[in-house]
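Observations on the three-dimensional arrangement
Residue-level listing of the chains:
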Amino acid sequence: MRLSRRHFLFVAALAGVVGLNGPALAAGEVNLYSARQEALIKPLLDQFTAETGIRVNLVSAKADALLQRLKSEGRNSPADILFTVDAGNLHAAQVAGVLQPVRSAALEATIPEVYRDPQGHWFGLSMRARPILYVKGKVNPAELSTYEALAEPKWKGRICVRSSDNVYNQSMVGSMIATRGEEATEAWAKGFVANFARKPQGGDRDQIKAAVAGQCDIAIANTYYLAQMLESDKADEKAIAGKIGVFWPDQQGRGVHVNISGAGVTTAAPNRDNAVRLLEFLAGENAQQWYAETNQEYPVRSGVTASATLRGFGEFHADSVNMARLGELNATAVRLMDRAGWR
Ligand code: FE
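For the rest of this paragraph, the subject is helix α16 (residues 330–339). For α16, the full list of buried residues reads Asn330, Thr332, Ala333, Leu336 and Met337. Down the axis, α16 shows its buried residues gathered within 155° of arc, on one side only. If you follow the buried residues of α16, they end up packed against α7 (167–180), α8 (182–194) and α15 (323–328).

What follows is the structure, encoded as structure tokens:
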């Protein structure tokens, strides 16, 4: 990153000398720490550069590693933006003090309030749902209703879900605490854990595969995993996904649990204005369309349609708890899951 910045300054100086004041050189750069797969974001960044002349230096790594790096770099950090998934991770970054509040009329107008931090430390850029998935033919969707009902004895030995280490599950439990309270959620978690078909293991895709392999009848997973499997070039993945039905829980009540991928401007951001501009670009109509299609996630901007595959899962009513609440309740959720024996 340092090298690239020096390189930029060198080129800019050279351009000045020879009188080439192209917009690309005048506009500068922005440094992005991203926990997203590079292929899922790079083409968008290239488009941003083409439109604005602002070069994007992308550092891709796991969410935890990026947060550690930001913390250790402190105010010498070259990063301008942290881009990661899950409100739990975004909140953790905020609590660690590595994000700064941003006011942007464009972001506030396009991103619904529930999908961004009220103080502007982070903004949701895509939305994902975590519904109940079931094996078609083994479960009649009429038997399903809410997450809460999955604690009933009839589901004993029939549920696959990943470990409580995973932030997706922590946020899901946090959403239940937000509405039902800690005590009721703990009682639920004990019943839910008692219904696990196996010790939690693997990622969301593995829960889907285990269900189709006959290890369980119900899997909890984010929608984009199922959509990506349906769109996969691998015939076996596609076939597995085809055997799974999507059930939207609690549609008369609080709604299906949803989460976001999102980004915030870092506290030390040397290119703060460019960072805000990139966030505004990512919330723009074209970027939202491309990003949602490519990731198989729901756009956060209204008026932008989801992919055909996602639309095939049907419409749903989403839980309206503010994403910030999920972060605030994260530690409570983790302790509760531990007490309930969710490993
Ligand atoms: Fe994921």
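From this point on, the discussion continues.
Moving on: the sheet that holds strand β7 (residues 218–220). Read from one edge to the other, the open sheet built from four strands follows the order β6-β7-β5-β8, with strand pairing classed as mixed. Of all strands in the sheet, those bounded by a partner on one side alone are β6 (159–160) and β8 (244–247). Bridging between strand β5 (residues 132–135) and β7 involves three bridges; their strand directions are antiparallel. The partner of Leu133 across the bridge, within β7, is Ala219.

For the iron ion, the full set of protein donor atoms is Tyr168 (OH), Tyr224 (OH) and Tyr225 (OH), at a range of 1.9 to 2.1 Å. Read in sequence order, the donor residues coordinating the iron ion give the pattern Y-x55-Y-Y. Highlighted residues: Tyr168 in helix α7 and Tyr225 in helix α10 (residues 223–230), separated in sequence by 57 residues. Residue Tyr168 is classed as buried on the basis of its relative accessible area, which comes to 10%. Since its relative accessible area comes to 13%, Tyr225 is described here as buried.

So, on to the side chain of Gln94. Secondary-structure assignment places Gln94 in helix α5 (residues 87–95). Here the side chain of Gln94 touches His121 through a polar contact of 3.3 Å, side chain to side chain. Setting aside anything within four residues of it in sequence, one finds Gln94 in contact with Leu99, Asp117, Gln119, His121 and Trp122.

Our next topic: the domain arrangement of the protein. According to the domain assignment, the protein contains domain 1 (5–126 + 259–306) and domain 2 (129–257 + 316–339). A separation of 30 Å is found between the C-alpha centroids of domain 1 and domain 2. Contact with domain 1, which involves 19 residues of that partner, is made by 21 residues of domain 2. In total, about 1,500 Å² of surface goes out of reach between domain 1 and domain 2, with carbon and sulfur atoms giving 62% of it. Looking only at domain 1, the three residues that lose the most surface to domain 2 are Asn259, Gln296 and Tyr298, adding up to 35% of its buried area. Here domain 1 and domain 2 share zero salt bridges between them. Seen at the junction of domain 1 and domain 2, the total is five residue pairs in polar contact (both at pLDDT 80 or more). Taken together, the elements giving at least two residues each to the side of domain 1 that touches domain 2 come down to α5 and β9 (258–265).

Let us look at the state of the cysteines. Within the structure shown, the criterion is met by one disulfide. Here Cys160 connects covalently by a disulfide to Cys216, the sulfurs 2.0 Å from one another. The chirality of the disulfide connecting Cys160 with Cys216 is left-handed, given an S-S dihedral of about -110°. Of this pair, Cys160 sits in strand β6 while Cys216 sits in the loop between α9 (204–212) and β7; the two residues are 56 residues apart in sequence, bridging distant segments of the chain. With relative accessibility at 1%, the residue Cys160 sits in the buried group.

Glancing now at the packing of α7 against α16. In the contact formed by α7 and α16, the axes pass within 8 Å of each other and the chain directions differ by 100°. Overall, the two elements α7 and α16 adopt an arrangement that is roughly perpendicular. Within the contact between the two elements, α7 uses Val167, Asn169, Gln170, Val173, Gly174 and Ile177 and α16 uses Asn330, Thr332, Ala333, Val334, Leu336 and Met337. By residue class, the composition of the contact of α7 with α16 is seven nonpolar, five polar and no charged.

Running from amino to carboxyl end, α7 crosses α8 at an angle of 135°, the nearest separation of the two axes being 7 Å. As the angle between them shows, α7 and α8 are arranged oblique. Here Val173, Met176, Ile177 and Arg180 of α7 come into contact with α8, specifically with Glu182, Ala184, Thr185 and Trp188. Of the residues assigned to the contact of α7 with α8, the class counts are five nonpolar, one polar and two charged.

Here is what the cut-offs are and how they apply
Within any chain, residue numbers begin from 1 and follow the written order of that chain's sequence. Side-chain atom pairs in this predicted model are given and counted only at pLDDT of 80 or more, local residue features only at pLDDT of at least 70, and totals for whole chains, interfaces and linings cover all residues. Side-chain descriptors were evaluated using all non-hydrogen atoms of the structure, hydrogens and water having been removed beforehand. Summary of the burial criterion: residues with accessible area below 20% of their type's maximum are buried, those above 50% are exposed, and those between are partly exposed, where the area comes from a 1.4 Å probe applied to protein chains only. Helix numbering and strand numbering both begin at the N terminus, where a helix is a DSSP run of H or I of at least 4 residues and a strand a DSSP run of E of at least 2. What the arc covers is the set of directions going from the helix axis to the C-beta atoms. Whether two residues are in contact is decided by their heavy atoms: any pair within 4.5 Å suffices. By definition, two strands form a pair when at least two bridges between them are found by DSSP. Donor atoms are limited to N, O and S found within 2.8 Å of the metal ion, a distance that becomes 3.2 Å for Na, K and Ca. With water left out, some sites might look partial. In protein, a polar contact requires one atom able to donate a hydrogen and another able to accept it; more generally it is a pair of N or O atoms within 3.5 Å, and residues adjacent in sequence count only if both atoms are side-chain atoms. Start and end positions for the domains come from either an automated domain assignment or a database one. We define buried area as the total accessible area lost by two parts upon association, computed with a 1.4 Å probe and summed across both. Any Lys or Arg side-chain nitrogen located within 4 Å of an Asp or Glu carboxyl oxygen qualifies as a salt bridge. Cysteine sulfur atoms that come within 2.5 Å of each other are treated as a disulfide pair. Geometry is summarised by axes, namely lines fitted to C-alpha atoms with helices restricted to the contacting stretch, and by angles between N-to-C directions that run from 0 to 180 degrees. Roughly parallel here means an angle under 35 degrees, roughly antiparallel means over 145, roughly perpendicular means 65 to 115, and every remaining angle is called oblique. Basically, the charged four are Asp, Glu, Lys and Arg, the nonpolar ten are Ala, Val, Leu, Ile, Met, Phe, Trp, Tyr, Cys and Pro, and anything else, Gly included, counts as polar.

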